[in-house]
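Secondary and tertiary structure notes
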Amino acid sequence: MSAVTEIQQDKTEKPGTLWESDQGVLSLEGRRVLLQLIRGPFLDENRHPDLWKTLVANRATIVQRCNDLLLDLVVDVDKGIAFVRNAPAQDESIPKATRSINLGLIDTLLLLVLRRELLLSLEARAIIDKNETLDSLTQYRPLARLDEAAFAKKLSQSWTKMRTHNIVMPLDESETRFEVSPVLSIVFGADEADFVAESIEQLLDESISSESATAPEERNL
């Protein structure tokens, strides 16, 4: 038997083979799962029931493929959510497979509000109104030390960042109603969120106290 014939027989015996030189080990559905995870932001059991079943059935192999790409697969069976993140590097020589989001003060404030909406939602999905959400952040303007126009611009930029990274996802063409990504409650843990929230509230109290102390005294004429 020639080497060519042996290769051809190996090809026909591999159920995952999709083209002549294909060396993959996953089926087409398994590769669709991998693509969904890499494209992000997450794989949702409710939105992708078929892909979710494939993930559960082929989890070990998909984990291996993710690890080959320096990615760590996170699966929350209770929430029906799976996503990938950078593998926990043992040293700096391991490159990052995904980009991190640089968060400023207003970005962090917005994330806290979105996470709170996610946790308080009584439904399976957390649906928010964009304008109402941004209006709820006006109380934190003293922290940013910006005038109203500049603060509104910063809020808009922060919202665009969340939109770009699929932390909020539009539900209509007008982009007024959004769904908060359920991944946020997993990525942004409770302990971390509580610590950040307490720190921000303390800073807000100090900022307000400072403004009150330096404000001109009111007098009756």
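Now for a description of the structure that goes with this document. (Residues numbered from 1 in each chain as written. Predicted model: local features only at pLDDT ≥ 70, side-chain atom pairs only at ≥ 80, totals over all residues. Heavy atoms only, no water.)

Here we look at the overall build of the protein
On a plain count of helices and strands, the protein comes out with 10 helices and 6 strands. Residue pairs in contact within the protein that sit at least 24 positions apart in sequence constitute 56% of those at least 6 positions apart. Element-wise, carbon and sulfur atoms account for 50% of the exposed surface of the protein, whose accessible area totals about 14,700 Å². (Helix = DSSP H or I, 4+ residues; strand = E, 2+ residues; numbered from the N terminus. Contact = heavy atoms within 4.5 Å. Areas by Shrake-Rupley, 256 points an atom, 1.4 Å probe, with all protein chains shown as cover.)

Digging into helix α3 (residues 49-57)
Of all the positions in α3, only Leu51, Trp52, Thr54 and Leu55 are classed as buried. The buried side chains of α3 occupy one side of the element, clustering within an arc of 160° when seen end-on. In α3, those exposed residues whose orientation departs by more than 90 degrees from the buried face are Asp50, Lys53, Val56 and Ala57. Buried-residue contacts for α3 involve α2 (28-39), β1 (43-44), α4 (59-68), β2 (71-76) and β3 (81-86). (Buried < 20%, exposed > 50% of the residue type's maximum accessible area, 1.4 Å probe, protein only. Arc of directions from axis to C-beta.)

Looking at unusual backbone geometry
At asparagine 166, a residue that is not glycine, the phi angle is positive and equals roughly 60°. With respect to the helices and strands, the residue asparagine 166 is situated in the loop between α8 (148-164) and β5 (168-170). Despite not being glycine, glutamate 175 has its phi angle at roughly 55°, a positive value. Relative to the helices and strands, glutamate 175 is located in the loop between β5 and β6 (177-180). Judged by its relative accessible area of 30%, glutamate 175 falls in the partly exposed class.

Thoughts on the pattern of salt bridges
Taken as a whole and assessed by the stated rule, the structure comprises 8 salt bridges. Arginine 65 is the partner of aspartate 68 in a salt bridge, and the nearest nitrogen-oxygen pair spans 2.8 Å. Highlighted residues: aspartate 68 and arginine 65, both in helix α4, separated by 3 residues, approximately one helical turn. Judged by relative accessible area, arginine 65 falls into the partly exposed class, the value being 26%. The partner of aspartate 76 in a salt bridge is lysine 79, and the shortest N-O contact between them spans 3.9 Å. (Salt bridge = Lys/Arg side-chain N within 4 Å of Asp/Glu carboxyl O.)

A few points about the packing of α2 against α4
Between α2 and α4, whose axes approach to 11 Å, the crossing angle comes to 45°. By the criterion of interaxial angle, the relationship of α2 to α4 is oblique. You can see that α2 and α4 cross each other, and the crossing is right-handed. For the pair α2 and α4, the contacting residues are Gly30, Val33, Leu34 and Leu37 in the first and Ile62, Arg65 and Cys66 in the second. (Axes fitted to C-alpha atoms, helices over the stretch in contact; angles between N-to-C directions. Parallel < 35°, antiparallel > 145°, perpendicular 65-115°, else oblique. Left-handed = near helix turned anticlockwise from the far one by under 90°.)

Thoughts on the sheet that holds β6
Ordered by their spatial adjacency, 3 strands build an open sheet running β4-β6-β5, and the pairing between neighbours is antiparallel. On the outer flanks of this sheet lie β4 (127-129) and β5, each paired with one strand and no other. Along the sheet, successive strands turn relative to each other by an average axial angle of 40°, direction set aside. With 3 bridges connecting them, β4 and β6 associate as antiparallel partners. Directly across from isoleucine 127, in β6, lies its bridge partner glutamate 179. (Pairing = 2+ DSSP bridges.)

Some details on the nonpolar core
Counting 24 residues, the largest nonpolar core has Leu114, Leu137, Trp159 and Leu184 as the members making the most contacts within it. Elements supplying a minimum of two residues to this core: α5 (105-120), α8 and β6. Not counting chain neighbours up to four residues away, the residues in contact with leucine 184 comprise Leu111, Leu114, Arg115, Leu118 and Ile167. Counting residues in each nonpolar core, the second largest holds 15 residues, with Val33, Ile62, Leu71 and Ala82 among its members. (Core = buried A, V, L, I, M, F, W, Y, C linked by side-chain atoms within 4.5 Å.)

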